Structure formats: structure tokens, C-alpha cells
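Secondary and tertiary structure notes
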Amino acid sequence: MIPTIRVNGVALDLENIEYRVTVSHGRNDITAPPQPSDASMTLLGFTSIPVAISDVVEIEAYGEARFTGRVTDTSLTHDFNPNGPTLGVPAQSYVARLDVTMIGNLSRLGLAFVGAGGYARELLNDRVENILTDAALSYANNSDPLMTQEPLDALDGGYSALDLLTALGTETGGTLCDLPDGAILWESYSRPGFGYNPATWLDIDPLDTWADINTIWADVYDRVDTAPATIELPAHAVTWSPVWRNTSQTILNDVTVVYGVNGNQSETDTDPASIITHGRRAFTLTTQLHTSTDAQARASDIIRTQSEPRYAMQSVEVLMEEITDPLRAQLLQVISGGKIDLDDTPQPSPIEDYIGIVEGWSETYTPGQHRLVLSLSDPRFSYQVVRWSEIDPALQWSGVDLSVRWYNVVIPADLVA
């Protein structure tokens, strides 16, 4: 299952070694702050200590990178071997056990200080790019290309790169995570893993069912980009111990976004129907956004995604030995922001066929076994919907594929003349 564990570029010899390796990426739900990836491994039967604090460890499975990070803790014990020396064979009476804890490179952002000379007014994409470049770490930047940030003042000693990027995520709608190859990903919710483009009729899957006229499932990818397809998990490959979670704590229905260089301008959005049902749940977000357009868009995004409770699904355990090689190859490419389709969920359940956005995952490897556990969020939390009012008026109904199914449509009262 794990052909390669490299320490400082040198592969460990796993012959006759009993091991257990667990890797975790991302977060359990969309409300959690950015978290570094972490990994742990237990080695039994080795003859010398193979790692030291701050060593770089790379873990691969099926030829794919699964984790890259540094050693933070080790624990060496000697377990009693009940077999002991037998039949004249000089077997050890004790077996060495080494427990190793590792953490991803996202943790190193907290040690990097940047922007001592300040940053000029610039696009969000450029601000993120500049911070990550100044931090001198490998990264991938998938920021919203349209938002503009106000200037940031110079500061002796600079700012924590992690603090700056975390704040940008809160203010603009985005997050940070480690990638399995060791790069750090900063990603806007408007661009989860893919390209950026307003939805068009041509991008709507003819097989989709439009169950709510307020929103459209939109593959918001530029047509020249390669967008990852939704991965469908067959029922037999899942242990069906998922945990459905829903909470009122995520509901926000009266949102004010403060913006501008002096922080004295604001834009608001509300959801009156949500206020009637759930009570007023007000939220003020102070940002460094430059334009009223960006501030209004941010307020509307929050209302659109959080004015109603959304189900998240945690602990979706996949039996990797029970799936086909092509499906396993697809799952090994999944990162935060990918889409998973779970059909025929156990009943009763709130959603029989659930498509979720990957927030995080963990996997455990032992000789002969590989378990993958996914944490998924409702796609509306990640802005994977488009309001009718946001559809380009120039688009024509003739562009809708004739096979699109229009049944089971619910028209809200405020849309009826």
C-alpha cells in the first residue's frame, strides 16, 4: 500500500517492518479555521532510529504523494516480545516501537514574517501571491481574480504570513490547506480547485434535477480549463457510518460588510424569510476590501450560503480495496474543494443522493489495508450555486439542453407575480 516513505530524500527499508501510517488533510467542516496537515506513523521491528526532529518526511501510495511535512515529535519504547529467544534463535526479548508525529508545511507560515515594507493597493490574487512569495514556501494560488485589497502599512519586523492569509480568507471568503506534495494552497470559495468563470447554460449538466428555482448547480469553470469531474462513490465501497450534521450556529441572515481604507463604509444584505423563521442573526465583517461592489458581493455571498442551515456529512469511510483501479486513481487526486457524489445513502437521511465538497480527509495504511475517510460540506457553503438574478440577461432559453429535467421545481412566493 505504501511503497515509499522517504526521510530527507532517502527511502526507508520497510522489509520486515510492521507499520501503521495515518495522514490527515484539511478540516472537519467549513467553519473550522485553516489547519496544517498532519501524519503519524508507528514502526515496529527496525534496528536503528530512522528519523530526527525537523526531518522532512514524504509519504507515497500507489505512486502518488500523500503527505509531505516535518517531524515534530518522536517516542521510542520497547515492547515485551512474549516469544523471546526460541530454539537457539537470538530473537530479541523486546521489540523497539517508534511513534513519529509530523506536520505539514502550512505550519511554517506561522514562522514566516512578511510585508515589513507594506503592500500597495492590489488585487486579492496579487496580495496572496506576494505574501506567499515573500514567505519563500512552495504554493498554489487559486484566488478570486476580481476583488481588490486596500494598502497594508509597513511594519517593523513584518507580519505573520499565516495571520495575513487567514485574515484574507475570513474577509474575502477563502481558506488555506496543505497539498500532499508539500505545497500550500490558498483558495477562494468562488474557485474551489478549479478555474473561475460565471455560469452559463452550456455548463449545466443535462442530467441534473433542478429542485429549487432559487439556485442552479453550476460548474463555474472556464471552458478552456480542465475541471475535475464529480467522483461517484458506489454504495458497496462505503462502510456507511457517515455522520450527518446540521446546526443553527452557521445561520447568518443580516450581514454588514465594512470596507474602504478608513473602515467607515459598509454594504449590507439580508434574508427576510430566514429572519422570520430563525430570528435575526446579524453579523458584521470588517475587511480591507476596496470597492463597494466587492463588499456588496461578499455580503450577498454570505447571505446566499448561510441564511439557511446546511447539512454536512462527516466520517464517510471508503474501503479502498473494494473499488476499481480507475476510481482509486480518481480518489487519490482529490484535494480540498473536490466534489463527491454519494448515491443511495442509508435511510432515513436528509438527502438520498448527496453531492458534497471535500473539506478534509484522513487515511490509514497498514500492510494490506487502506482506509480513506472524507469530510464533506454542502456545496452551497462553497458558493457552488448561482442565483437567477446573477444569470447574464443576454443568455437565451434556446441554449438550454432539451434533455434538462424541469420537474420537482418549487417557486418561492416572492418570485410569483
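Residues numbered from 1 in each chain as written. Predicted model: local features only at pLDDT ≥ 70, side-chain atom pairs only at ≥ 80, totals over all residues. Heavy atoms only, no water.

**Observations regarding the overall build of the chain**
To keep things clear, this is the line we draw: For helices the rule is a DSSP run of H or I covering at least 4 residues; for strands it is a run of E covering at least 2, with both sets numbered from the N terminus onward. A 1.4 Å probe rolled over the protein chains alone gives each residue an accessible area, and that area as a share of the maximum for its type sets the label: buried under 20%, exposed over 50%, partly exposed in between. Here a residue-residue contact requires only that any non-hydrogen atoms of the pair lie within 4.5 Å. Per-residue and other accessible areas follow the Shrake-Rupley method at a 1.4 Å probe size, with only the shown protein chains counted as cover for residues.
Broken down by element type, the chain carries five helices and 25 strands. Split into buried and exposed, the 417 residues of the chain put 45% on the buried side. Long-range contacts, defined here as pairs at least 24 residues apart, represent 71% of the contacts in the chain between residues at least 6 apart. If you sum the accessible surface of the chain, you get close to 20100 Å²; carbon and sulfur atoms cover 51% of it.

**Here's the deal with the packing of aromatic side chains**
Rules: Pairing of aromatic rings covers Phe, Tyr and the six-membered ring of Trp, with a centre-to-centre limit of 6.5 Å; geometry is then stacked below 30 degrees between planes, edge-to-face above 60, and tilted otherwise.
All chains considered together, the criterion is met by two aromatic pairs. Aromatic side chains Trp244 and Tyr311 sit 5.9 Å apart centroid to centroid with 90° between the ring planes, which places their arrangement in the edge-to-face category. Of this pair, Trp244 sits in strand E17 (residues 243-245) while Tyr311 sits in the loop between helix H4 (292-306) and strand E21 (312-319); the two residues are 67 residues apart in sequence, bridging distant segments of the chain. A ring pair is formed by Trp244 and Tyr354, whose centres lie 5.2 Å apart and whose planes are at 85°; its orientation type is edge-to-face. Here the residue Trp244 occupies a position in strand E17, and Tyr354 occupies one in strand E23 (residues 354-366), the gap between them amounting to 110 residues. Given the relative accessible area of 22%, Trp244 is considered partly exposed. What makes Tyr354 buried here is its relative accessible area of 1%. Ring pairs connect the aromatic residues Trp244, Tyr311 and Tyr354, which therefore count as one cluster.

**With respect to the confidence of the model for the chain**
Applicable threshold: As a per-residue measure, pLDDT reflects the predictor's confidence and takes values from 0 up to 100.
Summary statistics for the chain give a mean pLDDT of 80 and a share of 78% for residues scoring 70 or more. For the chain, the element scoring lowest by mean pLDDT is strand E15 (residues 215-217), at 39; strand E8 (residues 113-114) scores highest, at 97. Here residues 193-205 is modelled with pLDDT under 50, and outside its nearest four sequence neighbours on either side it reaches 45 contacts, counting other chains as well. A low-confidence stretch, residues 404-417 stays under pLDDT 50, and its non-local contacts, those more than four residues away or across chains, total 25 contacts.

**Remarks on unusual backbone geometry**
A cis amide bond links Gln347 with the next residue in sequence, Pro348, at an omega value of 0°. Summarising the element assignment, Pro348 is placed in the loop between strand E22 (339-342) and E23. Backbone geometry at Ala136 places phi at a positive 60°, although glycine is not the residue there. Secondary-structure assignment places Ala136 in the loop between helix H1 (124-135) and strand E10 (139-142).

**Digging into H4**
The cut-off we apply is this: Expected helix span is taken as 1.5 Å per residue step, with the number of steps being one fewer than the number of residues.
The end-to-end C-alpha distance of H4 is 21 Å, a good match for the 21 Å that 15 residues give at a rise of 1.5 Å each. Looking only at H4, the buried set comprises Asp294, Ala295, Arg298, Ala299, Ser300, Asp301, Ile302, Ile303, Arg304 and Thr305.

**Concerning the environment of Tyr19**
Structurally, Tyr19 is set in strand E3 (residues 18-26). Taking relative accessible area as the criterion, Tyr19 reaches 10% and is therefore assigned buried.

**Here's the deal with the pairing of strand E6 (residues 64-80)**
As a reminder, the rule being used: The criterion for strand pairing is that DSSP finds at least two bridges linking the strands in question.
Judged from the six bridges that link them, strand E5 (residues 56-61) and E6 form a sheet pairing that is antiparallel. If you follow Ile59 over to E6, its bridge partner there is Phe67. Connecting E5 to the antiparallel partner E6 that follows it, the hairpin turn spans two residues, and Tyr62 within it adopts a positive phi of roughly 55°. Taken together, the eleven bridges between E6 and strand E7 (residues 94-104) define a ladder with antiparallel strand orientation. Each bridged residue has a counterpart across the sheet, and for Thr74 the counterpart in E7 is Val100.

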